Structure formats: C-alpha cells, structure tokens
Amino acid sequence: MFGWTGNTLRINLSDGTSVREATDPQLAKLYVGGRGLGSKILFQEVDPRVDPLSPENKLIFATGPFTGTYAPSAGRYMVITKGPLTGTIACSNSGGNFGAELKYAGYDLLIIEGKAQKPVYLWINDDQVQIRDAIHIWGKNVPDTTDQLRAETDDEAKVACIGPSGEKLALFACIMNEMHRAAGRSGVGAVMGSKNLKAVAVVGSGKIEVADPLGFKEAVLKARGKIKAHPVAQGLGVYGTDVLVNILNEIGSLPTRNSRDGYFPTADKVGGESLSKNKLLRPKGCFSCVISCGRVSRVTESEFAGEGEGPEYESAWGFGPACGIDNLDAVTKANYICNEMGLDTITMGGTVACAMDMFEDGVLTLKDTDGIPLNFGNAEGMVEMVRKTALREGFGDKLALGSYRLAESYGHPEYSMSVKKQETPAYDTRGIQGIGLNYATNNRGGCHVRGYTIAVEVLGSPSKMDPHVTEGKPDLVAIFQNLTAAVDSSGACLFSTFGLGADELSEMLAALTGIPYTSEEFVKAGERIWNLERIWNLKAGFTAKDDTLPERMLKDPIKTGPSKGDVNKLQKMLPEYYELRGWDKTGVPTEGKLEELLLTG
C-alpha cells in the first residue's frame, strides 16, 4: 500500500498479547484513514451501549495517509473510543510528532483492548512491542512521565500519556503527546486510565511509500504555497489561535460569564495580541507545519508564574471571558495545569464557569465549594478549582464529572452550556447561527472543529456569509461537516483548509496513494464517515431530541454588544438539515442514503 503502512497493531492488555494485522485496503480506500478507519473498526468491534470505562470498550490510535509525509501540516492522529463524558462516539484529534512516529514504526492503527491488572506502558520500537510495568510512573504528571520514559526507552521516543487526571478517571481527561499537544475532548484519557495504561512510547525507523513521488511533490509544494499566502493562516502564525478573542468579541459573539452575555468589555487583555506582546517566547508548529500557530509562553513575576505552551483560543476564552476573568497570568496558569495534569481546557473552563454561575445564583454555597467564593471574576478561585479538579480533591471531585453532571446533581442542568453533555466552545450560537446548528447535530457533542462554519460566518474564508441569518446555513453545516471528516481521516490539520479545499487535498491524496481520488469522492468519504458516526450514536441510544442547544441559547437573548437581542433559531434550520442529509424527520438516515454511502449490510 502507498500512503498507508498496511499494518495494524492490536494489543490486548488483559492477556498481555500483541499481534500485527493487515490494514484492510478496501476499508482504507472507503474511509481514508484516521478518524474514518478508526470509527469503522470501533463500529464493527464494540457494542455502542458498552460502559465507556469498562474493559469491553476499545481505544484506537489512528493515523491518516498524509500523517508522517511532507504534506502541509501532516502530523495529525486520532483517538477513537466511546467517550465517557458524552456516551457518544469519541474521536479526539492531536498534532505534534507522535502520529508520524507511529507511522514510521510501521502502523496505521494501534488498537488497545481489555485492561491490564496493574499500571503499564507500551514500548513500540518498529516491530518490537513490549508491555512494561508503569507503577513507578503512575501518579506522575505529563512532563515527568515523558522525560522518564524517554530515559528508559530512547531519547528520540515520542510519548503519548495521561496525567493524574486520566488515572483518576476525570471524565474529560486528555491524552497528551510531546507534553503539550492534546487529544483533548470527550474523555479519551479517562478510557486510557480505565485500562491501567499510562503511556505509549514509540520510535520508528521506516518510511512511507509514495505512489507518484513527482506528482506528490508538485501537489504538496502548490498546497504549501496556498496556505502560506492565506491571510488567516498568516494571522495564526503571528498571533496564534488566541487572536480570535478580539475578533469574536467585536461581533458580540464571545460567550461571557457562562453565556449570560456574548460580549466582554476587557476581552483584549486575554487576546492573542496581549499574549504575543507580554508572554510569548516563540511560535511553535507541529510535524510538517507551515503555520506554527502554537505558542511557547512564560509568566513571570506573578503568583501564577510558570512556563509552557498556550493558551490557545478556546483555553483563553474558557478560563477568561467564560469565567468573567481578564487576568492573562491566571488564564495561562490554568492552561499550564491542564497540560501538566492532562485535562481538556474547554470542558474545564466551561465547568468552572458553570459552577460560578450557580454560585452567583445561590445554588452553590461556600460549603459546597470548599470555602472558596466562586464569583465571576475570581481568578485565584478559578486556578485553584482547576488544580482541585486535576486531583479530584474536595469540590474538584464533582467538577471532574463535567458541567452537566455537576449542574444536574444540584437539580439545575440548565446551567450547563453543553450539547450531549459536552461543553460548547468559544462561539456564541446566538450571534452565529450556523455554528449553533453544527453544535446541535455534532456526533461528539458540543464541538466547533467538526464543522467550522466560523471560517465562513466570521473569517470570510473562502467566502463570507452573514452570521445572523439562517438561510443557507443547513447546507453550509453539512458541507463543512463532511469535508472536516475527510480532512481528519487524511491526517491533515484542519487549519490546512485555510488555503486548501477538496481539490487540493484529493490531488495530494491521489498522488500519495495511487488511488484516483476526485474531490467529489474525497468529500463523499467524509459524508460516509459522518453517517457511520450518526448510526453509532443512534445505536447507543441517542435520538433527534439530543440535537439541541442549551435553553439559554434558544430563549435568552444576548444582553449587550453588537449581537444584542439575538437568540439561536435552531428549530428553523434543523428540519432542512435533516432533509439535506437524506435523513428522515426523526434524524435517522434513510435506507437510500445508507445504500448510496455503502453503509448497508
């Protein structure tokens, strides 16, 4: 096989065995790789109603055909499982270098089954695979674990691991690689912890075969040039993703104080411009990156002093405006703690914001919050709650379950700004209609990167649509969801679509694999993947009733700023979306659609 290695590594932690299997070439063609191929295997092998933290659930690390090549920003890998935070199919995307190294070791996928009797880690050195004792690193944070395993295996090893939060089964624990990159959402780190698997360390010496080297080189060089010339990609390189704080605030769609509002007057204090001016040490990119949106930063002369990576936009918003905080030092410190302990920053910030909202309204008292007054704007209290959550200490034990379970336990689930129990990110759906429809219908719950309509509705890429209107948004959402599924499966970074479309991506994929993908076939693969995930969720017990938004988004208008008075008009868009998808009125794919996508049988 070209592009793919042709090999899958399956490890059973219960009996300590490992076996090398052939990657199915027909499935690789239909599902591309990464997200698609991993989801297809999960669909075939795991009951959708399984307990996510039971040994019967599986954890799949999946690369795409681009991963490890010099295609632009081709360092992505996915972690597919049933998510403990949501109960949906979980597919969490990370960059860095781990995915490329797994490919060089010779594997398209790593399938982890069962549960070890005691803490272990995996050491993969090409075809040499060992399950090693990890008792001595159990309890260590992400940087210390990474350093220790490199010392024990190889200085060049790439390490994906969980921190104490994953060990303690916090429902939104991450899997971290290269210390600062995160497979962040839905709680994939908790699944890893439930299997007593601390880490995977890998070194590979192989290479990726290319079907048409000259054609691939030409297509890649052209694609790299288009990304570098794109103004959004250029802005991300200069200011990082945190540049979006001011952009969203200026249109009145920055969720503020747990979405009590959509405008934060002092947002600029935690925006990308302030981060670059006051905290930035240097930009940083992932494998084969042409943008370098990552930020290596430092906080000095402060009670929140530290050094690390970030914050990204979602983290700056979650620990900042979402909590009514404009202290960049505190925001950055909270981000560092999440990276070191292995927590999803979006859910963490959203959960603290939810707790603050409940505290302001008297639902929570000082007795509940360990004596810490969780008023909006309390930077010290926010940072302390992040620390407590990471260790499941005191009130942090409740926060570790996410905002929905926290609010529901006090009889007030309406305080949780979540979809399918996953916290929605940093775009107010009342001022941006399309992203609201995307959140509501997303297969992994509240998520922006599985249908990033912000590109069109806010950034004007590749064209501009009014964010306040509903017309045309169902079609836009479906198109973006399908394309993103294909991009995720290819191993490319979503940010490569700032400059590239299906034409450029399919041209590179065809030259790499030797399979004559057209842009239509590439997007059709994405549609196939989206529908497969939808079927999984239906089998898991989800229905059209779950395709909704927090009541606050539908009924409580934005109070101040440019989008004042707006609410989301989901029910106006949803029926048309179902129809465009080829689903019935209850959101179930029709037999005709399943046959068209080769999903029958």
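These remarks concern the structure in this document. Not measured: the values here are computed from a predicted model.

**Considering the nonpolar core**
- With 116 residues, the main nonpolar core has F66, F216, Y313, M382, Y427, M508 and Y577 as its most contacted residues.
- The dominant element in this core, judged by the number of residues it contributes, is helix α13 (residues 345–360), at nine residues.
- Leave out the neighbours within four places in its chain, and Y427 touches L244, L248, S253, P255, Y313, E314, I432, I435, Y439, H448, Y452 and I454.
- In terms of nonpolar packing, the next biggest core, distinct from the first, is built from 28 residues, Y107, A160, A183 and V188 among them.

**Here we look at α13**
- Here α13 spans 22 Å end to end across 16 residues, near enough to the 22 Å set by a 1.5 Å rise per residue.
- At the N-terminal end of α13, a side-chain oxygen is found 3.3 Å from the backbone nitrogen of I346, two or three residues along, and the residue is D344.
- Positive phi shows up at G362, right after α13, with a value of about 85°.

**Details of the packing of aromatic side chains**
- As enumerated under the stated definition, the model contains eleven aromatic pairs in all.
- Seen in terms of ring centroids, Y104 and F287 are 6.4 Å apart; in terms of plane orientation they differ by 65°. Their pairing is edge-to-face. Of this pair, Y104 sits in helix α3 (residues 98–104) while F287 sits in the loop between β13 (280–284) and β14 (294–299); the two residues are 183 residues apart in sequence, bridging distant segments of the chain.
- Members of the aromatic cluster, each reached through a chain of ring pairs, are F61, Y77 and F98.

**Structural notes on the pairing of strand β6 (residues 109–113)**
- Among the five residues in β6, five count as buried, and that is most of the element.
- Alternating positions in β6 separate into two faces, L109, I111 and E113 on one and L110 and I112 on the other, with burial throughout.
- Note that strand β1 (residues 7–12) and β6 share five bridges and pair parallel. If you follow T8 over to β6, its bridge partner there is L109.
- Direction of pairing for strand β3 (residues 59–63) relative to β6: antiparallel, over a ladder of four bridges.

**Comments concerning helix α14 (residues 379–391)**
- For α14, spanning 13 residues, the distance from its first C-alpha to its last is 19 Å, which sits close to the expected 18 Å at 1.5 Å a residue.
- Considered for burial, the residues of α14 that qualify are A379, G381, M382, V383, M385, V386, K388, T389 and A390.
- Next to the buried residues of α14 lie α5 (164–167), α11 (313–319), α12 (328–341), α13 and α15 (396–399).
- Its side-chain oxygen at 3.3 Å from the backbone nitrogen of E380, N378 defines the N-terminal cap of α14.
- Positive backbone phi, approximately 55°, marks R392, located one or two places after α14.

**Side note on the state of the cysteines**
- Enumeration according to the criterion identifies zero disulfides in this entry.
- For the unlinked cysteine C174, the closest cysteine sulfur is that of C338, found at 7.5 Å.
- Here C354 is not disulfide-linked; the sulfur of C323 is the nearest cysteine sulfur, at 10 Å.

**Thoughts on the packing of helix α2 (residues 34–45) against helix α21 (residues 519–540)**
- Running from N to C, α2 and α21 point in directions that differ by 30°, and their axes come no closer than 10 Å. Here α21 runs roughly parallel to α2, going by the angle between their axes. Of the two possible hands of crossing, α2 and α21 adopt the one that is left-handed. Across the interface between the two elements, R35, G36, S39, K40, L42 and F43 from α2 touch I529, W530, L532, E533, I535, W536 and K539 from α21.
- By residue class, the composition of the contact of α2 with α21 is seven nonpolar, two polar and four charged.

**Let's talk about the sheet that holds strand β5 (residues 89–94)**
- On the basis of which strands lie adjacent, the open sheet formed by six strands has the order β2-β1-β6-β3-β4-β5 and mixed pairing. The sheet is open, and its two borders are formed by β2 (17–22) and β5, each paired with just one other strand. Going across the sheet, the axis of each strand differs from the next one's by a mean of 15°, ignoring polarity.

**Let's talk about the pattern of salt bridges**
- Inspection of every chain in the model, using the stated rule, returns 38 salt bridges.
- Across the pair E533 and R35 runs a salt bridge whose closest N-O atoms are separated by 2.8 Å. Remark: R35 occurs in helix α2 and E533 occurs in helix α21; sequence separation between them is 498 residues. Accessibility classification places E533 together with R35 in one group, the buried group.
- Two residues, E527 and K593, come together in a salt bridge whose shortest N-O distance is 2.8 Å.

**Some words on the packing of helix α7 (residues 213–229) against helix α20 (residues 502–513)**
- At a minimum axis distance of 8 Å, the contact between α7 and α20 shows a crossing angle of 155°. One way to sum up the angle between α7 and α20 is to call them roughly antiparallel. α7 and α20 meet at a crossing whose hand is left-handed. Across the interface between the two elements, G215, F216, A219, V220, K222, A223 and K226 from α7 touch E504, E507, M508, A511 and L512 from α20.
- Per-class residue counts for the contact of α7 with α20 are seven nonpolar, one polar and four charged.

**Some remarks on the environment of L149**
- Counting through the fold element by element, L149 comes out in helix α4 (residues 142–152).
- Sequence separation between L149 and D329 is 180 residues, and the spatial gap between their C-alpha atoms is 31 Å.

Analysis parameters
- Residues numbered from 1 in each chain as written.
- Predicted model: local features only at pLDDT ≥ 70, side-chain atom pairs only at ≥ 80, totals over all residues.
- Heavy atoms only, no water.
- Core = buried A, V, L, I, M, F, W, Y, C linked by side-chain atoms within 4.5 Å.
- Buried < 20%, exposed > 50% of the residue type's maximum accessible area, 1.4 Å probe, protein only.
- Helix = DSSP H or I, 4+ residues; strand = E, 2+ residues; numbered from the N terminus.
- Contact = heavy atoms within 4.5 Å.
- Expected span 1.5 Å × (residues − 1).
- Polar contact = N/O pair within 3.5 Å; in protein donor to acceptor, adjacent residues only side chain to side chain.
- Phe/Tyr/Trp six-rings, centres within 6.5 Å; stacked < 30°, edge-to-face > 60°.
- Pairing = 2+ DSSP bridges.
- Disulfide = S-S within 2.5 Å.
- Axes fitted to C-alpha atoms, helices over the stretch in contact; angles between N-to-C directions.
- Parallel < 35°, antiparallel > 145°, perpendicular 65-115°, else oblique.
- Left-handed = near helix turned anticlockwise from the far one by under 90°.
- Nonpolar A, V, L, I, M, F, W, Y, C, P; charged D, E, K, R; others polar.
- Salt bridge = Lys/Arg side-chain N within 4 Å of Asp/Glu carboxyl O.

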